[in-house]
Structure formats: C-alpha cells, structure tokens
Amino acid sequence: MTKTDALRRFLPSCFFSATPTNATTATITKRRLSTSLRDDTDPETKSQDQDSSTSNDTVSACTTTTTTTTAAPLVHPRPSRTMVVGTIFGPRRGHVWFCVQHDRLSFKPTLLLELSIVTHQLVKEMRSGLVRIALECDESELGSCPLRSVPAWTMYCNGRKLGFAARRKASERVKSMLRTMQSTTVGAGVIPAGFGSPGDEEVMYMRANYEHVVGNSDSESFHLVSPDECPGQELSVFLLRSRNI
C-alpha cells in the first residue's frame, strides 16, 4: 500500500477526485448544452424573419398612403374676383347710369347701363344704407348671349320691380364726362350744368372701387367697396340670367 492509498483511507474523500477525467467531461458537456440553448435559432432564419417583417411594414405603409391620397376631398372652383372702378351718375331729374371701367384712366367702359330709376329716387334709397339692384334676363331667349352683351334687363331695386335697364354704347358726351372725372379715384360730386352742350342739367356722380365677382356664365355681380368716411354704405348690382322673369 502506498502512502497515497493510506491517506485516502483516513482523510475525507472531498479532497480527492476519484474520476477527474469524468468531471472534466461533465464540465465540457454542460458548456456544450448551455451553448446549444443560446444558439438554438438559425441566423439565416432570423434574417429571413426580419426581411419578411420589413417587407410587410413597407406594404402596409404604401397601402395607408394610397388610401389617404384617394380619400382626399375634391376642391370645387371658386368664383373669380377682381377690382374695377364703378361710377353711378345722372341728371337730378333724369335716369341713373352705371359705368364700369378697368381703371379710372380708361375712357372706354367695359359695361355701361342706363337704369330706369330716377337719380333722386336712388339717392333716397341709399339713405337707408343698403341698395341692391338686380338685373334679370330670360335664358330661353338670350341663353347663348354673353351676359354683358344682353341688350335689355328687367330691373329690381331692393326687391321691388322698377322697370327696365338697357345696355348702351359710350357716346362722346359720356367719354367727355369720364375725362372730367379722371382725377377722381373715390368720391362724389356734381358736374355743372351746360357741360357738353348748352341746356344740359347738372350731373351728379359717385365713383368708387367695386369688387367684380363672376359666379358662372349666368351670374355676375359688382359690390361697392365702402371708403373709410362712409363704412355703412352697401350697394350691389347683380346681373342674372334666369329661366322665368
């Protein structure tokens, strides 16, 4: 019996490993098991799953964008709006005229109408602060005619029928009056009697900027832009083509 065998008989067996080779093998086996549990998923499978997820997200995003674009509301065309110069003038005891110009320097009106309402009657209506003149024509007879080329209209003032209105060409006398008012941008005044020819009455006029609104081929309107000194005044002229008068 060797000394080593004698010591093993008297000392605890924990100080000696009976099968060191088996212990080492167990340790290696445990490490292999632990390693196999951490790497149980194939790297290529992971990559395929990630690519599939990314592809699905992209398709979903594209579908959402397409749906949003398709659901966008339609925008309807808006009426056109421009600024013009409008002049209301006429003798004290005569008919009122309505003249529209692109600017105060142009002597050829784009629209010139003679209204059946008398000047002093229009002045009385304007004292209330609200004047709406509606000119209507029959679509059955003048359906293909441009609205500004209609020769005759039925006239309403503040809801009351007051005769007719007629489109006129600018005479030399009217052009001379426009030259006289050329320096006036916004305001009112009186042209002395005898202007143009002896015996003519004095002419009252009111000039201002108007907002010209074109709704469609059957409706246009002119709205007075009130100057600062009389913000309460409202005056509008409507051109309407209707089926029945």
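Owing to the predicted nature of the structure, the values given are computational and were not obtained by experimental measurement.

1. Some words on unusual backbone geometry
Reasoning step 1: Within the chain, Asn158 stands out as a residue other than glycine whose phi angle is a positive 55 degrees.
Reasoning step 2: Mapped onto the elements of the fold, Asn158 is located in the loop between strand E5 (152-157) and strand E6 (160-167).

2. Things to note about the pattern of salt bridges
Reasoning step 1: Inspection of every chain in the model, using the stated rule, returns 7 salt bridges.
Reasoning step 2: Where Arg168 meets Glu114, a salt bridge forms, and the shortest distance between an N and an O atom there is 3.0 Å. Here Arg168 is found in the loop between E6 and helix H6 (172-180), whereas its partner Glu114 is found in strand E3 (residues 111-118), with 54 residues between them in sequence.
Reasoning step 3: Accessibility expressed as a relative area gives 40% for Arg168, which makes it partly exposed.
Reasoning step 4: Judged by relative accessible area, Glu114 falls into the buried class, the value being 18%.
Reasoning step 5: For Arg241, the salt bridge goes to Asp218, with nearest N and O atoms at 2.6 Å.

3. With respect to the packing of aromatic side chains
Reasoning step 1: Counted according to the given criterion, the structure contains 3 aromatic pairs.
Reasoning step 2: By the ring-pair criterion, three or more aromatic residues cluster together here, those being Phe98, Tyr210 and Phe222.
Reasoning step 3: In this structure, Arg179 is placed above the aromatic ring of Phe107, and the distance from its NZ or CZ to the ring centre is 4.8 Å.

4. Some details on the pairing of E3
Reasoning step 1: Counting buried residues along E3, 6 of its 8 residues qualify, which places the element largely inside the surrounding structure.
Reasoning step 2: By the bridge criterion, 5 bridges tie strand E2 (residues 95-101) to E3 in an arrangement that is antiparallel. If you follow Cys99 over to E3, its bridge partner there is Leu112.

5. Quick notes on helix H4 (residues 119-126)
Reasoning step 1: Of the positions making up H4, those classed as buried are Thr119, Leu122, Glu125 and Met126. On an axial view of H4, the arc spanned by its buried residues comes to 120 degrees, and they lie on one face. Of the exposed residues in H4, the ones pointing more than 90 degrees away from its buried face are His120 and Lys124.

6. Looking at the environment of Ser106
Reasoning step 1: When you line up the elements, Ser106 lands in the loop between E2 and E3.
Reasoning step 2: C-alpha separation for the pair Ser106 and Gln182, spaced 76 residues apart in sequence, amounts to 8.6 Å.
Reasoning step 3: At a separation of 2.9 Å, a polar atom in the side chain of Ser106 contacts the main-chain carbonyl oxygen of Asp103.

7. Here we look at the pairing of strand E10 (residues 234-242)
Reasoning step 1: Here 9 bridges tie strand E4 (residues 130-138) to E10, and the two strands are oriented parallel to one another. By the bridge assignment, Asp138 is partnered in E10 with Ser242.
Reasoning step 2: With 5 bridges joining them, strand E9 (residues 219-224) and E10 adopt antiparallel strand pairing. What sits directly across from Phe222, in E10, is Val237.

8. Some details on H6
Reasoning step 1: When H6 is considered as a whole, its buried residues turn out to be Val174, Met177 and Leu178. In a view along the axis of H6, the buried residues occupy a sector of 100 degrees, so they form one face of it.
Reasoning step 2: For H6, the secondary structure elements touched by its buried residues are strand E1 (80-91), E2, E3, strand E7 (187-191) and strand E8 (203-216).

9. Some points on the side chain of Ser221
Reasoning step 1: Tracing the backbone through its elements, the reader meets Ser221 in strand E9.
Reasoning step 2: A polar atom in the side chain of Ser221 sits 2.9 Å from the side chain of His223.
Reasoning step 3: Not counting the four nearest positions on each side in its chain, Ser221 is found in contact with Glu211, His212, Val213, Val237 and Phe238.

10. Section: the nonpolar core
Reasoning step 1: Membership of the largest hydrophobic core comes to 30 residues, with the highest contact counts inside it found for Leu115, Ile133, Leu135, Trp153, Tyr210 and Leu235.
Reasoning step 2: When residues no more than four places from it in sequence are discounted, the contact partners of Trp153 are Leu113, Leu135, Glu136, Cys137, Leu147, Gly163, Phe164, Ala165, Leu239 and Leu240.
Reasoning step 3: By size, the runner-up hydrophobic cluster in this structure holds 11 residues, among which are Phe89, Val174, Leu178 and Ile191.

Calculation criteria
- For every chain, the first residue of the written sequence is number 1, and numbering continues from 1 along that sequence.
- This being a predicted model, a pLDDT of at least 70 is required before a residue's local features are given, and a value of 80 or more before pairs of side-chain atoms are given or counted; all residues contribute to the totals for chains, interfaces and linings.
- Side-chain numbers come from the whole structure's heavy atoms, not from hydrogens or water.
- Going along the chain from the N terminus, every DSSP run of H or I of four or more residues is numbered as a helix, and every run of E of two or more is numbered as a strand.
- The working definition used for a salt bridge is a side-chain nitrogen of Lys or Arg within 4 Å of a carboxyl oxygen of Asp or Glu.
- With a 1.4 Å probe rolled over the protein chains alone, any residue whose accessible area is under 20% of its type maximum counts as buried; one over 50% counts as exposed, and the rest are partly exposed.
- Here a Phe, Tyr or Trp ring, Trp counted by its six-membered ring, pairs with any other such ring whose centre lies within 6.5 Å, and the pair is stacked when the planes are under 30 degrees apart, edge-to-face when over 60, and tilted otherwise.
- Put simply, a charge is over a ring when the Lys NZ or the Arg CZ is close to the ring centre, within 6 Å, and near the line of the ring normal, within 35 degrees.
- Pairing between strands is defined by DSSP: at least two bridges between the two strands are required.
- The arc under discussion is defined with respect to the helix axis, by the directions toward the C-beta atoms.
- In protein, a polar contact means a hydrogen-donor-capable atom and an acceptor-capable atom, both N or O and within 3.5 Å, with residues adjacent in sequence counting only if both atoms are side-chain atoms; elsewhere, any N or O pair within 3.5 Å suffices.
- Every residue pair with non-hydrogen atoms within 4.5 Å of one another is taken to be in contact.
- Residues enter a nonpolar core if they are buried and are Ala, Val, Leu, Ile, Met, Phe, Trp, Tyr or Cys, with the set joined through side-chain atoms within 4.5 Å.

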